[in-house]
Amino acid sequence: MNGKYIYIALSALFGVLCALVSFLPFFLLTIIYMYLLYQYKRFSKEQIVLLVVIFTLSLLIGMRGERMNHSLIPESTTLFTLEYIENPKIDGDLLQVEVKEKFHNESLLMRYKLKSENEKINLQNKSLFSRVCRVSGSLKKPTMAKNPNGFDYRRYLSNKRIHWILESTENPLQYCTSLPPSLLSMVKQLRLTGTRYLTVHFPNEIASLSAALIFGDRSLLNPALLGNYQKTGIVHLLAISGLHVSLLIGGVFYMGLRVGITRQWMTNVLLAAIPVYVILTGSSPSVIRAGLMIFLVLLTTKLKNRLNLLPIDAICLAFIIFVFLDPLIIFDVGFQLSFSVSMAIILSAGLIISMYRHSLLRMLVTSVISQLAAFPFLLYHYFELSLVGIIVNMLYIPLFSFVYLPGLYFLFVVQLLFSKTPSILINIFLKIISFFNAVIDYAAKIPFGSFIPGRPTLIFLIVDTLIILAIFCNWEHITSSKGKSRLILLSILLFSLQMGSNRFNPYGEVTMIDVGQGDSILIKLPFRKGTILIDTGGTMQYSVEEWRKRANPFEVGKDVVVPYLKGKGVTRIDKLILTHGDIDHIGGSISILNELKVKQILIPSVIDPSETELDIIKIATKKGIPVIKVAAGDHWNIDDFEFFILSPEKNFTGDRNSGSIAFVSNLGGRNWFFGGDLDQEGEEKIIKKYPHLTIDVLKAGHHGSKTSSADLFIHQVKPKAVLISAGEKNRFGHPHQEVLERLKKVNATIYRTDLQGAITYRFYNQKGTFSTFLP
């Protein structure tokens, strides 16, 4: 079966996909797959039977995994007996740790808000392992996605078999008893101790990078730096993977032989050490995959002629073991990227990479192969692909392999042996790290450095995968002129197909994005004739003590609006309309300006702009983005679509809400009214000035507050549909019951983001339909 384990791995994959994704299409695909192997690959009946057995086993394992993936703990439970099973993460005043609830033997994610700086220091210096503690608190469901393409935290945790977040009300070490330490807990404790040792004895730049590369802990890295690594497509270098494990194991094996230890003895030592190393470095999918592969290779070396595995067989066996032990792992993005990229490189090594003699060319080709293999997964999960990643990888892979990794291990060992690292070595490394951090920061800010076609649909995923397979097949025959032409054509098709679909899409959309207690509305005109973003949401930032500050606090522009826009393939905003200066409407604008191309900003013509508006104007001026103050009577056209501003009057003075930009437009055969937080005073001015104004779709003012949507206004404009943007269970009680009653009197259909998530009106010519993200 040498070289044929890949067929077994595919059978296992199809079985799990049938169980966890959709049975019928993947079952039909399996039948076709088996037929092709029998008919064209000349598989024997015995081999086909083996594949059917593997498929059936993985199907049953997947079905069992799905059936068992639910919670047994009653929601009303308030007292828990917990065992801490992972390293705690303390970010600002929040402690978060995965725990095992002993009575139901179920994993929970526990959160505890620290009450003082002393308590934080105390918990940072204590170990939570090998303890069983009584903790009181309340259970709550993890948040779920409320926008298309939004991060679904509930599903993410469910795939890790965690169904509840335990909000603890007391110190997690208050009522504890000690347990005899197990080998697993001792290794995990060693990892925690090692990470803390680094933070004490090295500057933050060295400590954070060392923690990532030695112990697989990226929590110490600066969020901005981590973001730059992600944007440039080299974040995989910060995860311990096959490259790191191979270099380390190879180095240890070589040193053992050099000091006189026999090959057989070193093999036995490494076979025992690899499982410990996997746990010590965080047990991520990439580490387990690399560890399993090397373990299997060493095992075959030990067994000599009794078992002989090719590299492709080793990775396929690792895949099968992974899937059989935990079928839900197929949803993990780290698992997907690790196996797809490794598989592509292994399969291409003898057919494609070997064609290139020069080492630089080989590095370039390997980088291209990696990007192609990761292409569908990166677009699906992150909606973008770094165009500079191929070049940056060529620079940073050698840097990590031959400078960072051995150098940081060396510094760590020197510190352990002599309790002091020479300052000259630390200074040299600090300068190297600072220089290359500056380079990656520059690379991350290169204009047009990313390809952002949006999240691909299932059809596009299938088509992209087929095109990538065709590229690899034609690459093998690149020496012929026809092969080169086909390769160029396929590459152009891969990058233009989805972008072309976006460009020539005849449908338009108006979407009220769920930004919690705030406003943000996206208007996408047909054929990408124009993209308008009305407000950006915003997160209130309160002054807190330094020790309470989070490393990467939630910000609705960065964490909600930008991902939504990128998921839709939006890279350019033609008009960013900021209706008024309140933070919950424009606070996310800075993230929009930093991440996307904005052609023009419209703000209300007011005498006294808010501080946030002034900050946005400063950033826009630096970026060369025109900022235009608009007032009643201003209008603009985009093709056949006209937008007419009704409010405020020029150089408005008064309440900020009353001075909101209010404008109307006909979109998809319906008259729309967008009015920011316009209050009843502003509404009355509009209906006095425009007594014949009628509205089909009304964006309710001020999140459904009773200070807006006046009775007189509602009865004059007679909206058929009303959109209300409000935060779930917000402290203001929005939307107010009085407003809901007024709207019901005119028989308006009410859509609410707090209950239904994002609300979308999709139209074609003069007809369209509303849909909500949540049922």
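Cut-offs applied
Residues numbered from 1 in each chain as written. Predicted model: local features only at pLDDT ≥ 70, side-chain atom pairs only at ≥ 80, totals over all residues. Heavy atoms only, no water. Pairing = 2+ DSSP bridges. Helix = DSSP H or I, 4+ residues; strand = E, 2+ residues; numbered from the N terminus. Right-handed = clockwise from strand over helix to strand, strands pointing away. 1 Å grid on protein atoms, 1.4 Å probe; cavity = no way out; pocket = protein on both sides within 12 Å on 5 of 7 lines; lining within 4 Å. Points joined across faces, edges and corners; volume = space filled by probe spheres on them. Nonpolar A, V, L, I, M, F, W, Y, C, P; charged D, E, K, R; others polar. Axes fitted to C-alpha atoms, helices over the stretch in contact; angles between N-to-C directions. Contact = heavy atoms within 4.5 Å. Disulfide = S-S within 2.5 Å. Buried < 20%, exposed > 50% of the residue type's maximum accessible area, 1.4 Å probe, protein only. Expected span 1.5 Å × (residues − 1). Polar contact = N/O pair within 3.5 Å; in protein donor to acceptor, adjacent residues only side chain to side chain. Parallel < 35°, antiparallel > 145°, perpendicular 65-115°, else oblique. Arc of directions from axis to C-beta. Patch = residues over 30% accessible without salt bridge, like charges linked within 9 Å, V, L, I, M, F, W, Y side chains within 5 Å. Areas by Shrake-Rupley, 256 points an atom, 1.4 Å probe, with all protein chains shown as cover. Salt bridge = Lys/Arg side-chain N within 4 Å of Asp/Glu carboxyl O.

### What about the pairing of strand β17 (residues 627-630)?
Pairing analysis gives four bridges linking strand β16 (residues 601-604) to β17, with the strands arranged parallel. Across the sheet, the residue bridging to Ile603 is Lys629, located in β17. In terms of handedness, the path from β16 via helix α22 (residues 611-623) over to β17 forms a crossover that is right-handed.

### What about empty space enclosed by the protein?
Using a probe with the size of a water molecule, rolled over the atoms, empty space left in the structure can be pinpointed. As enumerated under the stated definition, the model contains two cavities of 30 Å³ or more in all. There is about 60 Å³ of room inside the largest cavity. Taken together, the residues of the lining of the largest cavity break down into three nonpolar, three polar and three charged. Put simply, the second largest cavity is a space of about 40 Å³. As for the second largest cavity, its lining consists of Phe673, Gly675, Gly676, Leu678, Glu683, Leu698, Lys699, Ala700, Gly701, Ser709 and Phe713. Classifying every residue of the lining of the second largest cavity by side-chain character gives five nonpolar, four polar and two charged.

### Re the sheet that holds strand β11 (residues 521-524)
Strand order in the open sheet formed by eight strands is β17-β16-β14-β12-β11-β10-β25-β26, and the pairing between neighbours is mixed. Two strands in the sheet have a free side with no partner beyond their single neighbour: β17 and β26 (767-772). Across this sheet, the average inter-strand angle for adjacent strands is 15°, counted without regard to direction. Sheet topology note: the β11/strand β12 (residues 531-534) ladder contains four bridges and is antiparallel. Residue pairing across strands places Leu522 opposite Leu533, the latter belonging to β12. This element, α22, spans β16 and β17 of the sheet and lies at about 155° to β16.

### A few points about the state of the cysteines
Overall, the coordinates contain one disulfide when judged by the stated rule. Bridging Cys133 to Cys176, the disulfide has an S-S length of 2.0 Å. For the disulfide bridge between Cys133 and Cys176, the dihedral angle about the S-S bond is near 105°, and by the sign convention the bridge is right-handed. Pair noted here: Cys133 is in strand β5 (residues 131-140) and Cys176 is in strand β7 (residues 176-178), with a separation of 43 residues, a long-range link. By relative accessible area, Cys176 is classed as partly exposed at 25%. Lacking any disulfide linkage, Cys316 is separated from the closest cysteine sulfur, that of Cys473, by 16 Å. Residue classification places Cys316 among the buried positions, given a relative accessible area of 0%. Given a relative accessible area of 46%, Cys473 falls into the partly exposed group.

### Digging into helix α13 (residues 333-349)
Relative to the 24 Å expected for 17 residues at 1.5 Å per residue, α13 spans 24 Å between its end C-alpha atoms, a close match to the ideal helical length. Residues Phe335, Gln336, Ser338, Phe339, Ser340, Val341, Ser342, Met343, Ala344 and Ser348 constitute the buried set of α13. Its side-chain oxygen placed 2.8 Å from the backbone nitrogen of Gly334, Asp332 serves as the N-cap of α13.

### Here's the deal with the pairing of strand β19 (residues 641-647)
With respect to burial, β19 is a largely interior element, five of its seven residues being buried. Hairpin connection from strand β18 (residues 635-638) to β19: two residues lie between these consecutive antiparallel strands, with Asp639 at a positive phi of about 55°. Direction of pairing for β19 relative to strand β20 (residues 662-667): antiparallel, over a ladder of four bridges. Across the sheet, residue Ser647 finds its bridge partner in β20, namely Ala662.

### Concerning the packing of helix α7 (residues 204-215) against helix α15 (residues 389-418)
Look at α7 against α15: their axes get within 10 Å of each other, and the N-to-C directions meet at 100°. Considering the angle they form, α7 stands roughly perpendicular to α15. Residues Ile206, Leu209, Ser210, Leu213, Ile214 and Phe215 of α7 lie in contact with α15, whose contacting residues are Phe400, Tyr404, Leu405, Leu408, Tyr409, Leu411 and Phe412. When the residues that make up the contact of α7 with α15 are grouped by side-chain class, the tally is twelve nonpolar, one polar and no charged.

### Observations concerning helix α17 (residues 458-475)
Along an α-helix, a turn takes 3.6 residues, which lines up residues three or four apart on a common side. Taking 1.5 Å per residue as the helical rise, α17 with its 18 residues ought to reach 26 Å, and the 26 Å between its terminal C-alpha atoms agrees with that figure. Regarding α17, the residues found buried are Phe460, Leu461, Asp464, Ile467, Ile468, Ile471, Phe472, Asn474 and Trp475. End-on, the buried residues of α17 take up no more than an arc of 165°, which puts them together on one face. In α17, the exposed positions angled more than 90 degrees off the buried face are occupied by Leu458, Ile459 and Leu466. Each element contacted by the buried residues of α17 is listed here: α13, α14 (359-382) and α18 (481-503).

### Focus: the sheet that holds β18
Spatially, seven strands are ordered β18-β19-β20-β21-β22-β23-β24 in an open sheet, and the strand pairing comes out mixed. One side of each edge strand has no neighbouring strand; the edge strands of this open sheet are β18 and β24 (749-752). Pairwise comparison of adjacent strand axes, ignoring direction, gives a mean angle of 20° for this sheet. Examined bridge by bridge, strand β22 (residues 697-699) and strand β23 (residues 721-724) share three bridges and lie parallel to one another. Directly across from Val697, in β23, lies its bridge partner Ala721.

### Quick notes on a nonpolar patch on the surface
Residues Phe23, Leu24, Leu28 and Ile31 make up a contiguous nonpolar surface patch of about 380 Å² in total accessible area. Relative to the helices and strands, Ile31 resides in helix α2 (residues 23-40).

### As for the environment of Ala631
Within the secondary structure, Ala631 is located in the loop between β17 and β18. Sequence separation of Ala631 and Asp711 is 80 residues, and the distance between their C-alpha atoms is 25 Å. Excluding residues that lie within four positions of it along the chain, Ala631 makes contacts with Ser605, Ile645, Pro648, Glu649 and Lys650.

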